[in-house]
Amino acid sequence: MSEESGLIYRISGPVVTAVGISPRMYEVVRVGDEGLMGEVIELHGDQSVIQVYEETSGIKPGEPVVRTGQTLSVKLGPGLLTQIYDGIQRPLESLEETMGVFITRGVDADGLDLTKKWEFNATASAGDEVSGGSVIGFVQETETVEHKIMIPPGHSGKIASIESGEFDITTSVCTLEDGTEIAMMQEWPVRTPRPFKQKNAPDVPLITGQRILDFLFPLAKGGTAGIPGPFGAGKTVTQQQLARWSDAQIVVYIGCGERGNEMTEVLTEFPHLTDPNTGKPLMNRTTMIANTSNMPVAAREASVYTGITIAEYFRDMGYDVALMADSTSRWAEAMREISSRLEEMPGEEGYPAYLSSRLAEFYERAGRVQTLGGDDGSVSVIGAVSPPGGDISEPVSQGTLRIVKVFWGLDAGLARQRHFPAINWLSSYSLYPQALDQWYRDNIASDFPEVRTKISSLLQVEAELQEIVQLVGSDALPMDQQLTLEVARMIREFFLQQNAFHDVDTFSQLGLQYEMAKAILAFQEESEKAMAGGAGLEDVVNVPARTDLMRGRFEEGYAERIGELLGEMSKQIAETMEDN
Amino acid sequence: MSGKEYRTITDVKGPLVFLEKTEPVAYNEIVQLRLSDGTMKNGQVLDTSDDKVIVQVFEGTESVDRQTGVKFLGDVFRLPVSKGLIGRILDGAGKPRDGGPEIVAEDMADIIGAAINPYSRESPEQFIQTGISAIDACTSLVRGQKLPIFSASGLPHNDIALQIARQARLVGSDDDFVVVFCAMGITAEEYNFFVQDLERTGALENAALFVNLADDPAVERLITPRLALTAAEYLAFEHDYHVLVIYTDMTNYCESLRQIGAAREEVPGRRGYPGYMYTDLAMMYERAGMVKGKKGSITQFPILTMPGDDITHPIPDLSGYITEGQIVISRELHQKGIYPPINVLPSLSRLMNAGIGEGKTREDHKSVSDQLYAAYAGGRELRGLVAIVGEDALNERDLQLLKFADIFEDQFLRQSRDEDRSIDEGTLDLAWNLLTNIDTKYLVRLDQKWIDKYHPTEKNS
Ligand SMILES: Nc1ncnc2c1ncn2[C@@H]1O[C@H](COP(=O)(O)OP(=O)(O)OP(=O)(O)O)[C@@H](O)[C@H]1O
Ligand SMILES: [Mg+2]
C-alpha cells in the first residue's frame, strides 16, 4: 500500500477513520468505492480522521481512501454570479442534471463551467508591472457586474503578452515574463483568508432600506452584525431583506443548515426583483450557497468558508460585498457533531472548545480593505444566530456578540404582536454611528445624528413611562407624558414597523426615513404647542391628516408627497387650538 | 448478502449490542439477531470498524445474550413500496398489522431518503382550506408545507388533526388527499380513536397507517416515521398523490433518540437530548414539499406534546426551528371550554403570504388577518392590566379591544368538530362582522380600500 492510498478503518456517521495513508491536514481525500469527497480534520497516530461531505450509509471498513494532494478549495472566476451551490461549491443545477431531484452521492461537479467562453477585455498591456491582485482585465459577467480578472495572489512580474477575446476560464489570457500563464479562473483554499494590503476603518453605511436598521442600528460597509432570535422571530426575513435591498454590489447568501423552501423562495423571486440601485434583476449580483438542514453536516460546516471565500474574491475586485449566513448556529452545531464523533473534550453545552475562536476567525474575514490591487473593497458579514429557547446566554450567541459590532436582537414578544421587524429597540445596538455620522451629515442631512438621538431617547422614555402605566394606567399620567406615549407609539407603528411583504413598504430610501422621523418630531412639537394653547390630546392625535400621513407610506410616491401630507397635518393640529 | 452468523457479542448496553467480527460491516447496515429461544430481532449498524461494531436493536435487547446469533444482511433498511400501501395498516417496522398479505413491492426504497435538491423544489403556494377559522385566517396552510401542532397532554390535538384530515381541500379542486398516518408510542386508546374516526368517514380506505404503540418497542420508533415518509414520498413523487402525513407523537420519537444517545455515552446537548437532534428531525421534516416536474406533494402535520407545556423545551424548540410555522394549542382556552383551543398569537404559518390574497383566497385576507392579530393581542394584554387597575383606567380604544378579545375567542375561534367553514363567507366575512365591535379609526392594520369594500357598516355601497 502506498502513502497515496489507504483503507477505511472505521465509520461513524459523517466521520471516517483511515489507516495506511499520511495526508496533510485539511487535504481532500476520496473515500470508499464510490469515491466520496472528504476532508482530513485530524491526524492521530497512524489514523487519519476524515469528515465526509456525502452520506456514508453502506460504506464498509476496508474500502479504499485516496489522497488528492489538494486542500478544500473553491474555483473563482466568471460564472459565480446567479449560481446556487451546495456547501462544497457543487452547482445544484448540475447536480439536478446528473441525479434528478434528490441528491444522491458520488457525483462531482465543477464549481464553474470550464468550457463556457467569456469575452475577456484586457485593461493591462504588455510591459506592465503586475503583482498578486492587480487587475488585468474584465468580463461583463452579468448586466450589472464587471467581473475583474486579477493576478492570483503570490504571482508578480512584467506582462509579456495579454490578449482580449473569447476564452474559456482555464485558458491563458496573459503571460508574465517569467513564463507564468494567467487564466481567468483561480483557485483558493477556503479555510485561508485571501490577502489584502491593509484594513481600513469602515465609515460608510451599508444602506438596507430597513428603517430600524438604517436609522437606529446601522451597519457599516465592511462591518459585522449578529441577528439572534428564537424561531419565527424574523432572522431569515431580515437576512433576505438585506440580500434584496442593501446597497452592496455583490451579495453572497449562505443558507446553512436551514430550510430548502427558503432557498427556493430566493431562487424563484430574485430574478424578478429589481435592484433599487441599478434597476436590474437582483439575481445578477447574487451567489447562493444552499446546504440545507437535511444535507450532510460536514458540507454544512464547509459552506460558511466556501461563502466567505467567494465574498473575499469579489472584495478583491474593489466591490462592496454583503454576506449573509443563515444560520451560524447550524454551522456551530455541525462543528459540535463532528467534534463529538472525534470524541474531543467538549466545552460548554457540548460545543468544541475552539467554537469561539472559529466564530472570531470567521467574522474577522469581514472588513473594509485596501485590496492588493489598490482598490477599496469590503465584505460585510451578517450572521443569524438561533439560540435554543431564544435564550442568548448560550455559547454561540455569546461567542458572536463578543465579536460583532452590531446586535439586532429579535424579540419573540414583538413577533407575537406582529410588530415586524421584531427587533427590540431597547436591547439592540450598533457601535458604528460615531464613525458614520459624518457621512450622514454630508449625504442626508446636517442634523441627521441629532434626529436619531431624539427618536431613540423618546423610545427610552416610553419604556420608563410604560412601567408606570402598567401600574396605574395611562390616564393617570400628566398630559405631556401622555403625548410622549402617543409620539412613541407613532415611532413604533409608523416608523419602526415595516412590512417586508408589502410592495412599497418593503424598502425605504434613507432620505425618506429621515423625512419620516422629522415628521414624527414635528407632530410632537406642534401638538405640544396646540395643547399649550388649549387643545386636548385626543384632538391632536385624531386629526385625520395624521392618519393620512401614516397610511401614505404604503403608497407609491410617498417621498414626493410626505412634505405636503406633513403640511396638512400641521395645519389641522394648529386648528385644534382654534376650536377650543 | 453475507449469510454468516456471528456469535461474538461482547457487550450489551441499553438498546445497543457491541460485537467483534471478522468481516467488514457497512455503516447503517441492517442486522438480524437470533436469540437462543429462536426469537428474531432486528437492528441497524450505528458504528463500524475493523475491531468493533455497534448495533441498535429496534425491539430492545431483552433476553439478548452472548450466544445470540448476529447476521448482517448486506443492505440498508428498505421499505417495500407500492400503491397497494393505500388502505393498509402496518406495524412500526413496516410489517402488515391488519392481517392482510405482505405488500407486493413495486420498489424497495431506502428509508433514510435523500435530500431534495433545493434547486429542484417548487415553492408551495396553494392554499389548503381546513375549514377551521383560526387556521385558515391566521395561520393559513399551503400544499407542501410542514406545520406541526404544538400541544400538551390532555389537549384535543387529535381531534384537530382529524378534523384537518377530514376537511382539508384545495378550494376549487377536487383532488383528495391521501393520508399517511404514523403513530409513535401513542396509547392503544388514542390509536383506536384515530382509526375509528378514519373508518367512520371512510378515510381509512384512502390512508396508509404505520403504527408503533406505547407498548411496542421504543427504539423501533426511530424508524416508524421514516417508513411513513418513505411511503409518502413514493405515493407523492411516483404516483402523483397529494399526501397529508400526520405523525404523532414526536415527543416519544425524541425520547427514543435520547435513549440511544445515552446508551452510546454521547455528550448530551440541552436537557440530555443528543446534539444532533436538530439534524435528525430536519431529515424528516424536510421530506415535505413539492418538486419540479412532479404532480404530487407532501404536506406534514407532526403532532408533539410539549413537556410541561414549555415551548422552549428542546422538542418544540428544535421543531419550530425547522418547520414552516406551528399551530399552538392552549390549555387556557381549552379550560375555558373553547374548541379548537388554538392560540393564534404564538401560532404562525410562514408560507401564508405565498398562499393567500387575490386569486388564492381573497384580496383582503392579509389585512384582515393582521388586524385580527393586532386587536386580539391588544385585548389579551389588556386583560392583565385590567386585573390590576380595573376597567375604569382604560380609554375607549382599550375597552373595545378588551371586549373584542372575548368575542374573538367565543365566536371566531370556537366552532364545532364537524363545522367546515369556507374561507370567504365562513371565515373572512365572520371576521369583518366581529371587527365592527371596534371603531374603524382604531383598525389601523386594515387598508382603507378594504374597509370601503368589506366593512359591514362602513362600506361604500
Ligand atoms: N419584516 C417583516 N415583515 C413582515 N413579516 C415578517 C417580517 N419579519 C418576519 N416576519 C414574519 O415572521 C415569520 C418568521 O420569520 P423568519 O422565517 O424570518 O423567522 P426566523 O427567525 O428565521 O425563524 P427560524 O429560526 O425558525 O428560521 C415570517 O414568515 C413572517 O410571517
Ligand atoms: Mg430562519
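Up top is the structure these notes are about.
Everything in this summary refers to the structure shown in the same document. Keep in mind it's a predicted model, so treat the numbers as computed, not measured.

**Some points on the overall build of chain B**
Turning to step 1, where the next piece is worked out: Secondary structure summary: chain B contains 13 helices and 23 strands in total.
Turning to step 2, where the next piece is worked out: Against the globule reference of 23 Å for 461 residues, chain B gives a C-alpha radius of gyration of 25 Å, in line with a compact fold.
Turning to step 3, where the next piece is worked out: Over its C-alpha atoms, taken along the principal directions, chain B stretches across nearly 85 × 50 × 40 Å.
Turning to step 4, where the next piece is worked out: For chain B, buried positions account for 61% of its 461 residues.

**Brief notes about the interface of chain A and chain B**
How big an interface is tends to be reported as the loss of accessible area on association of its parts.
Turning to step 1, where the next piece is worked out: Taken together, the contact between chain A and chain B spans 73 residues of the former and 74 residues of the latter.
Turning to step 2, where the next piece is worked out: Counting the surface lost from both chain A and chain B, the interface buries some 6,100 Å², and carbon and sulfur atoms represent 52% of this.
Turning to step 3, where the next piece is worked out: When the buried surface of chain A facing chain B is broken down by residue, A:F231, A:R259 and A:R418 rank first, second and third, together holding 13% of it.
Turning to step 4, where the next piece is worked out: Here chain A is connected to chain B by 2 salt bridges.
Turning to step 5, where the next piece is worked out: Salt-bridge contacts for A:E96 lead to B:K292; the nearest nitrogen and oxygen are separated by 3.6 Å.
Turning to step 6, where the next piece is worked out: Run the count over chain A and chain B and you get 33 residue pairs in polar contact (both at pLDDT 80 or more).
Turning to step 7, where the next piece is worked out: The leading source of residues in the side of chain A that touches chain B is helix α4 (residues 260-269) of chain A, at 7 residues.
Turning to step 8, where the next piece is worked out: Class assignment of the residues belonging to the side of chain A that touches chain B gives a composition of 25 nonpolar, 27 polar and 21 charged.
Turning to step 9, where the next piece is worked out: Judged from the 2 bridges that link them, strand β1 (residues 5-12) of chain A and strand β5 (residues 40-49) of chain B form a sheet pairing that is antiparallel.

**Some thoughts on helix α4 (residues 224-239) of chain B**
Turning to step 1, where the next piece is worked out: Helix length check: α4(B), at 16 residues, gives a terminal C-alpha distance of 22 Å against a target of 22 Å (1.5 Å per residue), a fit within 8%.
Turning to step 2, where the next piece is worked out: Across the 16 residues of α4(B), 14 count as buried, placing the element largely inside the fold.

**Comments concerning the site of ligand 1**
Turning to step 1, where the next piece is worked out: Surrounding ligand 1, one finds 19 residues, the nearest of these being A:G232, A:K235, A:T236, A:V237 and A:R259.
Turning to step 2, where the next piece is worked out: Residues close to ligand 1 are split across chains A and B.
Turning to step 3, where the next piece is worked out: At 2.9 Å from an oxygen atom of ligand 1 is found a main-chain nitrogen or oxygen belonging to A:G234.
Turning to step 4, where the next piece is worked out: Interatomic distance of 2.9 Å between a side-chain N/O atom of B:R350 and an oxygen atom of ligand 1.

**A short note on unusual backbone geometry**
Turning to step 1, where the next piece is worked out: Backbone torsion omega between A:F420 and A:P421 reads -10 degrees, so that peptide bond is classified as cis.
Turning to step 2, where the next piece is worked out: Mapping A:P421 onto the fold places it in the loop between α9 (412-416) and β29 (429-430).
Turning to step 3, where the next piece is worked out: In this structure, A:T82 takes a positive phi of about 65 degrees despite not being glycine.
Turning to step 4, where the next piece is worked out: Mapping A:T82 onto the fold places it in the loop between β7 (73-76) and β8 (84-85).
Turning to step 5, where the next piece is worked out: Positive phi, normally seen in glycine, also occurs at B:N28, with a value near 75 degrees.

**Structural notes on a nonpolar patch on the surface**
Residues and elements named next belong to chain A.
Turning to step 1, where the next piece is worked out: Taken together, the side chains of I468, L471 and V472 define a hydrophobic patch exposed on the protein surface, amounting to about 260 Å² of accessible area.
Turning to step 2, where the next piece is worked out: Locating V472 in the fold gives a position in helix α11 (residues 448-472).
Turning to step 3, where the next piece is worked out: For V472, a relative accessible area of 39% gives the class partly exposed.

**Looking at the sheet that holds strand β15 (residues 165-168) of chain A**
Residues and elements named next belong to chain A.
Turning to step 1, where the next piece is worked out: Taken in spatial order, the 4 strands make up an open sheet running β13-β12-β10-β15, and their pairing is antiparallel. Lying at the two open borders of the sheet, with one neighbouring strand each, are β13 (146-150) and β15. Strand after strand, the sheet turns through a mean of 40 degrees between neighbouring axes, direction not considered.
Turning to step 2, where the next piece is worked out: Direction of pairing for strand β10 (residues 117-122) relative to β15: antiparallel, over a ladder of 4 bridges. Residue pairing for β15: W118 is matched across the bridge by F167.

**Quick notes on the packing of aromatic side chains**
Turning to step 1, where the next piece is worked out: This model, assessed by the stated rule, comprises 24 aromatic pairs over all chains.
Turning to step 2, where the next piece is worked out: Taking the centre distance of 5.8 Å and the plane angle of 80 degrees together, the rings of A:Y305 and A:W331 count as edge-to-face. Here A:Y305 is found in helix α5 (residues 297-315), whereas its partner A:W331 is found in helix α6 (residues 328-341), with 26 residues between them in sequence. Taken as a pair, A:Y305 and A:W331 share a single burial class, namely buried.
Turning to step 3, where the next piece is worked out: The interplanar angle of 85 degrees and the centroid separation of 5.8 Å between the aromatic rings of A:W439 and A:Y440 together place this pair among those described as edge-to-face.
Turning to step 4, where the next piece is worked out: Through successive ring pairs, a cluster of aromatic residues spans A:F215, A:W439, A:Y440, A:F448, A:F495 and A:Y514.
Turning to step 5, where the next piece is worked out: Between A:R330 and the ring centre of B:Y321, over which it is positioned, the NZ or CZ distance is 4.7 Å.
Turning to step 6, where the next piece is worked out: Here A:R546 stacks its cationic end above the ring of A:F523, 4.7 Å away from the centre of that ring.

Definitions and cut-offs
Residues numbered from 1 in each chain as written. Chains lettered and ligands numbered in written order. Predicted model: local features only at pLDDT ≥ 70, side-chain atom pairs only at ≥ 80, totals over all residues. Heavy atoms only, no water. Helix = DSSP H or I, 4+ residues; strand = E, 2+ residues; numbered from the N terminus. Rg over C-alpha atoms; globule rule 2.2 N^0.38 Å. Buried < 20%, exposed > 50% of the residue type's maximum accessible area, 1.4 Å probe, protein only. Contact = heavy atoms within 4.5 Å. Buried area = accessible area lost by both parts, 1.4 Å probe. Salt bridge = Lys/Arg side-chain N within 4 Å of Asp/Glu carboxyl O. Polar contact = N/O pair within 3.5 Å; in protein donor to acceptor, adjacent residues only side chain to side chain. Nonpolar A, V, L, I, M, F, W, Y, C, P; charged D, E, K, R; others polar. Pairing = 2+ DSSP bridges. Expected span 1.5 Å × (residues − 1). Near = heavy atom within 4 Å. Patch = residues over 30% accessible without salt bridge, like charges linked within 9 Å, V, L, I, M, F, W, Y side chains within 5 Å. Areas by Shrake-Rupley, 256 points an atom, 1.4 Å probe, with all protein chains shown as cover. Axes fitted to C-alpha atoms, helices over the stretch in contact; angles between N-to-C directions. Phe/Tyr/Trp six-rings, centres within 6.5 Å; stacked < 30°, edge-to-face > 60°. Lys NZ or Arg CZ within 6 Å of the ring centre and 35° of its normal.

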